[in-house]
Amino acid sequence: MLIKIPRGWHIPEREATPEHVYLNRRKFLAGASAAAGVGIGGLVFSGEGGLLAAFPAPKRKSELLRISAVRNPEYVVDHPITAERVATRFNNYYEFTEIKDRVWKLAEEFEPRPWEIEIKGLVEKPRKIDVDDLVRRMPLEERVYRHRCVETWAIIVPWIGFPMKKFVEWCAPKSKARYVRMVSFYRPAQAEGQRVATSYPWPYHEALTLAEATNELALLVVGMYGKTLPNQNGAPLRLHIPWKYGFKSIKGITRFEFTDEQPPTFWNATIPTEYDFVANVDPAKPHPRWPQAHEQLVGTEGVVPTRLYNGYEKYVASLYK
Ligand SMILES: Nc1nc2c(c(=O)[nH]1)N[C@H]1C(S)=C(S)[C@@H](COP(=O)(O)O)O[C@H]1N2
Ligand SMILES: [Mo]
């Protein structure tokens, strides 16, 4: 078996193993060395692997690089994965435009690197770190999650990222911290929506309780479909919170701030009668403009019933007792 030592946490296509690696749960939990040991030939790239080196610069701004990450078998979804073409061509990203099938085009010139992440507020040590330095410290894995937008469409995506719990531990919040606030970029020169839709409270901002952020499902995402995140899906770093409506899953994150009071959020600040802080998926609680009992699987004819907590009840119901 050929084991390659890559130079960054993601690697150029020509050096990558071609397929995702699938492991059973026991081998997954045993981690990277097990993956190498079972001879599947997958390259598992985690912060613990010690394979830290220079990040290979993409040739074009929007070039995507391959990432090999083992799929976590715990998270099984009962519908097929959405076509990559659909999930990357039908987007909500108001920084660029409100027209979903034009986001990818308008985001083409956006520059997701270099990119600094700031960590501030109630933490032992406020700091700034380059996004790729951060990713190299975190254990990457693939998780297939459902994504449910409050507009009643849904997609199923193989995300690649690291548990937000690991990130929060690394940030070392003080005991007073109760919430984590996240803020996106503000770059009107590169993002047309920020130039024309000036009534929104830019930059986009969201927040979670610390209990939510450290729930095992909360994922900070750096890739999808075996590659780095395309701009339109939130490069270089986004959140994915599968049991909440999609607007909680903030894209293009630049800052994490730990607070003791509940932070304001972008959609709640914009239309408070329609969007609340918690925003858990609930088929029994209609939105003023959209009944929530069903959802359309984008890219298919399928309309399926919506489930409480988007089907993730067993992981998160205890948070809301
Ligand atoms: N910064 C930012 N993050 C955002 C949004 C946005 O407009 N700006 N839209 C949200 C909404 S409403 C949804 S449904 C998802 C869409 O993610 P996707 O385009 O990758 O499917 O991103 C969320 N995160
Ligand atoms: Mo959404």
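Heads up: the structure comes first, above all this text.
Residues numbered from 1 in each chain as written. Chains lettered and ligands numbered in written order. Predicted model: local features only at pLDDT ≥ 70, side-chain atom pairs only at ≥ 80, totals over all residues. Heavy atoms only, no water.

**Considerations on the overall build of the protein chain**
Reasoning step 1: Summing up its helical and strand segments, the protein chain has ten helices and 14 strands in all.
Reasoning step 2: Residue burial in the protein chain is summarised as follows: out of 321 residues, 55% are buried.
Reasoning step 3: Considering only contacts in the protein chain between residues 6 or more positions apart, those separated by 24 or more positions represent 74%.
Reasoning step 4: If you sum the accessible surface of the protein chain, you get close to 14,400 Å²; carbon and sulfur atoms cover 52% of it. (Helix = DSSP H or I, 4+ residues; strand = E, 2+ residues; numbered from the N terminus. Buried < 20%, exposed > 50% of the residue type's maximum accessible area, 1.4 Å probe, protein only. Contact = heavy atoms within 4.5 Å. Areas by Shrake-Rupley, 256 points an atom, 1.4 Å probe, with all protein chains shown as cover.)

**Looking at the pattern of salt bridges**
When charged atoms on two side chains of opposite charge get close, those side chains can pair.
Reasoning step 1: A full pass over the atoms with the stated rule returns 19 salt bridges.
Reasoning step 2: Residues Arg 71 and Glu 142 are paired through a salt bridge, measuring 2.6 Å at the closest nitrogen-oxygen approach. Within this pair, whereas Arg 71 is found in strand S2 (residues 70–71), its partner Glu 142 is found in strand S5 (residues 141–148), the two being separated by 71 residues in sequence. Considered together, Arg 71 and Glu 142 belong to a single accessibility category, that of buried residues. (Salt bridge = Lys/Arg side-chain N within 4 Å of Asp/Glu carboxyl O.)

**As for the side chain of His 147**
Reasoning step 1: Among the secondary structure elements, His 147 is positioned in strand S5.
Reasoning step 2: Side-chain polar atoms of His 147 contact the side chain of His 240, separated by 3.0 Å.
Reasoning step 3: If we ignore the near neighbours within four places in the chain, the residues touching His 147 are Trp 153, Ala 154, Ile 155, Arg 238, His 240, Gly 246 and Asn 310. (Polar contact = N/O pair within 3.5 Å; in protein donor to acceptor, adjacent residues only side chain to side chain.)

**Points about the site of ligand 1**
Reasoning step 1: Around ligand 1 sit 18 residues, and of these Tyr 94, Glu 95, Arg 238, Ser 249 and Lys 251 come closest.
Reasoning step 2: Between ligand 1 and Tyr 94 there is a distance of 2.8 Å, counted from an oxygen atom to a backbone nitrogen or oxygen.
Reasoning step 3: At 2.8 Å from a nitrogen atom of ligand 1 is found a side-chain nitrogen or oxygen belonging to Glu 95.
Reasoning step 4: Starting from 530 Å² of accessible surface for ligand 1 in isolation, the protein chains cover 98%. (Near = heavy atom within 4 Å.)

**Observations regarding the nonpolar core**
Reasoning step 1: Counting 87 residues, the largest nonpolar core has Phe 162, Met 164, Phe 167, Phe 256 and Phe 258 as its most contacted members.
Reasoning step 2: Here this core takes eight residues from strand S6 (residues 153–163), the largest share from any one element.
Reasoning step 3: In contact with Phe 162, not counting residues within four places along its chain, are Leu 134, Val 135, Met 138, Pro 139, Leu 140, Phe 167, Ala 218, Leu 219, Leu 220, Val 222 and Leu 237. (Core = buried A, V, L, I, M, F, W, Y, C linked by side-chain atoms within 4.5 Å.)

**Comments concerning the sheet that holds strand S3 (residues 116–121)**
Reasoning step 1: Strand order in the open sheet formed by five strands is S4-S3-S12-S7-S8, and the pairing between neighbours is mixed. Of all strands in the sheet, those bounded by a partner on one side alone are strand S4 (127–130) and strand S8 (205–209). The mean angle between the axes of side-by-side strands here comes to 20 degrees, regardless of whether they run parallel or antiparallel.
Reasoning step 2: In this structure, strand S7 (residues 179–184) lies alongside strand S12 (residues 253–259), joined through six bridges in antiparallel fashion. Paired with Tyr 179 across the two strands is Thr 259, which belongs to S12.
Reasoning step 3: Taken strand by strand, helix H6 (residues 164–171) contacts S3, S4, S7, S8 and S12, and its axis lies near 65 degrees from that of S12. (Pairing = 2+ DSSP bridges. Axes fitted to C-alpha atoms, helices over the stretch in contact; angles between N-to-C directions.)

**Digging into the pairing of S7**
Reasoning step 1: Within S7, six of the six residues are buried, which leaves it mostly tucked inside the rest of the structure.
Reasoning step 2: With five bridges joining them, S7 and S8 adopt antiparallel strand pairing. Bridge pairing in S8 links Val 183 to His 205.

Keep in mind that these numbers describe shape and distance, not what the molecule does.
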